[in-house]
Amino acid sequence: MKKTAKILSIILALAMLVTFFQVPAKNAYANTDPDEVIKKRLNNAVVLYIGSSDACVNNKMTQVDKTNPEVTPVFKNGRSLVPIRFISESFGAKVDWDQSTSTVTAKIEGLKGKTVRLVLGSNKININGKDTTIDVPAERINGRVFVPFRVVSEAFGKKVFYDRGLIIIADKENLFDTKTEKSLIDKVIARVNNLPFVGSEEKLKELLSKSDSYTGYNRNKGSDIMNEKSMDMAASESVGTSLNKAAKSMSAVTSGDYSTTNVQVQGVDEADVVKTDGKYIYQVNNQRIVVAEAYPAEEMNIVSKLDFTQKNFNPSEMYIDDKHLVVIGSSYTEIPIYKTQIGQPEILPPYYSRNFIKAIVYDITDRTNLKQLREVELEGNYVSSRKIGSALYLVANKYANYYYIQQGNDNLTPSYRDTAVDDKVKNVSYEDIRYFPGCVSPNYMLIAGINLDNNEEQANISTYLGSGENIYASQDNLYVAITNYNYTILKAKTQSIRADVNQNNTTAYKFSLDKGKVTYLGKGEVPGRILNQFSMDEHDGNFRIATTTGEMWRSDEFTSKNNVYILNDTLSIIGRLEDIAPGERIYSTRFMGDRGYMVTYRQVDPLFVIDLNPENPKVLGALKIPGYSDYLHPYDENHIIGFGKDTEETKNGGALMQGMKIAVFDVSDVNNPKEKFKETIGDRGTDSELLRNHKALLFSKEKNLLAFPITVVNTKARNLEELISGNESYQTVWQGAYVYSLDLKNGFKLKGRITHILEEEYKKSGDYWYSSEKNIERLLYIDDTLYTLSKAMFKAHTLSDLKEIKTLEIK
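Residues numbered from 1 in each chain as written. Predicted model: local features only at pLDDT ≥ 70, side-chain atom pairs only at ≥ 80, totals over all residues. Heavy atoms only, no water.

Colleague: Got a sec to walk through the environment of Tyr740? Specific residues and values, please.
Modeller: Residue placement: Tyr740 occurs in strand S50 (residues 730-743). Given the relative accessible area of 1%, Tyr740 is considered buried. Between the C-alpha atoms of Tyr740 and Leu706, which are 34 residues apart in sequence, the distance is 5.1 Å. Those residues in contact with Tyr740 that lie beyond four places of it in its chain are Ile662, Glu679, Ile681, Asn704, Leu705, Leu706, Phe708, Phe748, Lys749, Leu750 and Lys751. A polar contact of 3.5 Å, which involves the side chain of Tyr740, links it to the side chain of Glu679. (Helix = DSSP H or I, 4+ residues; strand = E, 2+ residues; numbered from the N terminus. Buried < 20%, exposed > 50% of the residue type's maximum accessible area, 1.4 Å probe, protein only. Contact = heavy atoms within 4.5 Å. Polar contact = N/O pair within 3.5 Å; in protein donor to acceptor, adjacent residues only side chain to side chain.)

Here's what the structure looks like:
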C-alpha cells in the first residue's frame, strides 16, 4: 500500500513538473486580457513594421530614428531591411562607424558578448572574428546602414517572428500563432504601424489647405463617388487555387440545395437586391423589403414587408444569414447653402444634400414579424460592403466641401450613429481621424466593422483623410483602391508640340479584418488605373492588380497599355508584366490561382492567358477573335465563360458592336487558348445587367444551368453600311431571362425564355423599351425549382422543362 502511494506521489510530482515547464497553448489566453498577454510576450523584444518609423522596445514605444522620421524598415530587392544601429542598440550593443573603411561595429560586452562587423557594400558579416556570407550586402538608406533583419538578429543570437510586415526580434521563437492569434497580432501591428492623427481643428484645416479643397477640384476620381461604379456593383475577388474551386464558390450550393449570390471569394458574401435561405426569398422592392415563403413553390406567399416610404430611407441591397437580415441603403438631409437675413424677402434658398448610408439589422427568427435590432449610419456615399461570417464591413466616402465648411453649412468632420450605444448623431473627433502622410485629399473614408453576433457592441468605425473607389476583400484582408489622376504637359517623341498627358496611378490601402475589427496594414502604388473589382486579387499572401496606362486615342508613346503587378504582403512590387496590347484597354480580368485571364479590346478581342509567377509573370498565350467579354466566369479548371458583345469589322478597319455574346474558352493548352462554343443574342443594343454586375448571373455546373436577365433588341438595318451610317432603327422585342443548359459536349442549349411582360404590353412599348416593374432582375433556384424575380411578381418554374408552377404578384 505504501509502495503504491509512493508511486502515485511520484507520478503526481512528475505531472506537476510537466505542467510547470509546459509551453502554454495559444488558446490558453482566451479568457485573459489580450494587452497583458502581449505585454508578457514582448518582454525583451524589439518590434518594428515595414514602412513605419514607430517601434517598440521592451514594451516601450520609441522611434526607429528620433532624428529622421524617414528612417523605417524597408522592403528592397526581395529582402526586408532594418537599420543596424537601432537593432543593435536596442539589445544593449555599442555601435561605432568607421568612415574611412565604411565599417559598422556593434559590440555587446559581458560573458556572452558578441562583436559584429559589417562593411558597407560587402556580402560578408564578421561575428566574433569569423566571416559569414550574406545574400544581401549592407547598404546606406536615408543616411543609415541597413541590413536584412534576420542577419543582424541571428548574429546576436535572437529569434525572429514575421507576419504581414510585422517584425519581432526576441529571445524566443514563434511568439504568436498566425493561424489562431490574428487578433493579438493585429493589436501589436496597431501599436507600431499607426498613421498620424489629425488631432485638432487647426491641423485639419492646415491639411485641407494643402489639398485641392480650395479650388473645389480633386484629382482623386473617388472623391465623392457613389460606389464601385454604381450602387448595385460591389466587390472584387480572388477565387482560390484553381478554376474548380472558383466555380464551386460561385455557384455556392449549400445544404438544402439552393443558389446564393454569385460572389468571388469563398466565404466572403456580397450584398444584393435578392437573397434566399432555401425556404424564403428576400427582395429589395423599391422602398420596401418583401419576404416571401417560396418553398414549396405551390404554396408561395408573401409573409411580411418592411415599408420605408415614410422613413427617408432608400434600401439598395441586403444580406441574410440564419439569424439576421441586414438592409443597406441611403438617406439624406437637405441644408440651405445660405440663410435668409432679417428684412430680406423670404425666398427659398438653394439647398445641398448631406448624404448618409445606413445598415439596419433585423432579427428574422419569425419571418412574419421582423424585429429591428440596431441601425448603424455613416455620413457619406456608399462605396461597398462585405460580410464575413457574422462580421459586416461598410465603406463610405464623405467629401469635405471646404466652401460649405467655411460658410458654416457643413461639419468639418463626418458624423455617425450607432443605436447599439444610443440614438445620437455624433461627429468623429479630430483625435480619431488619421491621415496618410504625403497623400492628403479633401475627402473622408469611413470603414465600419459590425459584429452581428453582439448587437449591443459598438461598431468599430475608422476614419481617414482619403477616399475609396473599388474594394476587394479576402477572408483576412480588405483592399481599398483609388485612382489618382495626374495631368502633366509632356512632349511626345513623334510630335512637335507638347500635350496634356494623364499619368495616372492607383493607390491600394490594405486593412486586416478580424471579427468586425479593422486594422490598417499599409499602402502600395502601381502605375495606371483599374477597371473594377475584378482587377484585384489576393493569393498566397500576395496582392495582384491589373491596370491600364495611357489613352486609347493616342498614337504616340503615351497610348494605352495594360499591365499586371504583383505586390507582397507589405504592398511592395515584387513582379511586373507591362505593355500588354498597346492601343487597347482592359475590358475584363480574372485572377485564378497561378493564372490570370485578361480581355483587352479596340477592334478585336484578345484573350490573354498569364502566368502569375511572382518572380516572372509572363503571357503564355493569346486568342484574337471578334467581340469582347465584359465578365469572365470559371466553368472548370480548363474552361472559362465570357459574357460581352459581339462585333463586326467595318470596311475602314473599325468595329461595330452587335448583340450580346456568350462564349466558352478552352484554356487547357495555355499557349493556344480556343473559343470552343459561342452564342449571340439579339442585335446591336441588346443588353444585360450581367455585363455590369456579376451578381445577375445564375450558374450551376452541377445542375447544368446558366441563366441571366436580358433585354433583346432587333435592328431594322438591312446591312452593315446602314448601321455605320446611322440610318438603322432599333426595336426592343423582349425582356426577361434566358435559361441555358451548358456542357462541354453540346455547348449552349437554350432551354427556354421566361418573361413577366404580357404580349400587349410589348406592343404598347413602341421601338424603345422603358424601365418596367416587370423587368426580371434576378434568378435563383431552390432544389429543382427555378424562380424569376421582378418588382411586380415572383414566378416559379420546374427546372427540368421550365413549366410554370405559380405566379406570386407583389402589390
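Colleague: Run through the side chain of Ser304, naming residues and quoting values.
Modeller: Tracing the chain through its elements places Ser304 in strand S18 (residues 301-307). Judged by relative accessible area, which is 11%, Ser304 ranks as buried. Polar side-chain contacts of Ser304 include one of 2.7 Å to the backbone oxygen of Arg367. Leave out the neighbours within four places in its chain, and Ser304 touches Ile289, Val290, Val291, Arg367, Thr368 and Leu370.

Colleague: Let's hear about the pairing of strand S28 (residues 443-451): which residues, and what values?
Modeller: With 9 of its 9 residues buried, S28 lies for the most part within the structure. With burial as the criterion, each face of S28 is covered, one bearing Asn443, Met445, Ile447, Gly449 and Asn451 and the other bearing Tyr444, Leu446, Ala448 and Ile450. Sheet topology note: the strand S24 (residues 391-399)/S28 ladder contains 9 bridges and is antiparallel. What sits directly across from Asn397, in S28, is Met445. Taken together, the 6 bridges between S28 and strand S29 (residues 460-465) define a ladder with antiparallel strand orientation. Following the sheet pairing, Met445 is matched in S29 by Tyr464. (Pairing = 2+ DSSP bridges.)

Colleague: Before we move on, can you summarise the packing of helix H2 (residues 34-41) against helix H5 (residues 182-192) with the specific residues and values?
Modeller: Put simply, H2 and H5 touch, their axes get as near as 10 Å, and they point 70° apart. Looking at the two axes, H2 sits roughly perpendicular to H5. Along the contact surface, H2 presents Pro34, Asp35, Val37, Ile38 and Arg41, while H5 presents Leu184, Lys187, Val188 and Arg191. A breakdown of the residues in the contact of H2 with H5 according to their chemical character gives 5 nonpolar, no polar and 4 charged. (Axes fitted to C-alpha atoms, helices over the stretch in contact; angles between N-to-C directions. Parallel < 35°, antiparallel > 145°, perpendicular 65-115°, else oblique. Nonpolar A, V, L, I, M, F, W, Y, C, P; charged D, E, K, R; others polar.)

Colleague: Talk me through the sheet that holds strand S37 (residues 542-549); I want residue IDs and the actual numbers.
Modeller: Read from one edge of the open sheet, 4 strands run S36-S37-S38-S39, paired in antiparallel fashion. The sheet is open, and its two edges are formed by strand S36 (536-539) and strand S39 (573-580), each paired on a single side. Direction aside, neighbouring strands of the sheet carry axes that sit 15° apart on average. Where strand S38 (residues 561-567) meets S39, 5 bridges bridge the pair, whose relative direction is antiparallel. Its bridge partner being in S39, Asn562 is matched across the sheet by Ile580.

Colleague: So what's going on with the environment of Lys158? Which residues, and what values?
Modeller: With respect to the helices, strands and loops of the structure, Lys158 is situated in the loop between helix H4 (149-155) and strand S13 (159-163). With relative accessibility at 17%, the residue Lys158 sits in the buried group. Along the backbone, Lys158 and Asp171 are 13 residues apart, and their C-alpha atoms lie at a distance of 5.2 Å. Setting aside anything within four residues of it in sequence, one finds Lys158 in contact with Phe91, Ser153, Ile169, Ala170 and Asp171.

Colleague: Requested: an account of helix H6 (residues 201-209), with residues and values cited.
Modeller: A turn of α-helix holds 3.6 residues, and therefore any two residues three or four places apart point the same way. Along H6, the positions that sit buried rather than exposed are Leu204, Leu207 and Leu208. Projected down its long axis, H6 shows its buried positions confined to an angular sector of 95°, all on one face. (Arc of directions from axis to C-beta.)

Colleague: Summarise the packing of aromatic side chains; cite the residues concerned and give the values.
Modeller: Within this structure, the stated rule accounts for 22 aromatic pairs. Ring geometry for Phe643 and Phe708: centres 6.1 Å apart, planes at 80°, overall edge-to-face. With a gap of 65 residues between them, Phe643 in strand S45 (residues 639-649) and Phe708 in strand S49 (residues 705-715) connect regions that are remote in the sequence. For the pair formed by Phe643 and Phe708, the shared burial category is buried. Ring pairs connect the aromatic residues Phe534, Tyr631, Phe643, Phe708, Trp734, Tyr738, Tyr740 and Phe748, which therefore count as one cluster. (Phe/Tyr/Trp six-rings, centres within 6.5 Å; stacked < 30°, edge-to-face > 60°.)

Colleague: So what's going on with the sheet that holds strand S48 (residues 698-700)? Which residues, and what values?
Modeller: One open sheet accounts for 4 strands, arranged S48-S49-S50-S51; its pairing is antiparallel. Taken across any chain shown, the strands that pair with only one partner, and hence form the sheet edges, are S48 and strand S51 (747-754). The average angle at which neighbouring strand axes cross in this sheet is 40°, direction not considered. Note: S49 against S50, 10 bridges, orientation antiparallel. Note on S50: the bridge partner recorded for Thr711 is Gln735.

Colleague: How would you explain the side chain of Arg374 if you had to name every residue and give the values?
Modeller: The topology assignment puts Arg374 in strand S22 (residues 371-379). A polar contact of 2.9 Å, which involves the side chain of Arg374, links it to the side chain of Asp418.

Note that all results are geometric; they support no functional claim without further evidence.
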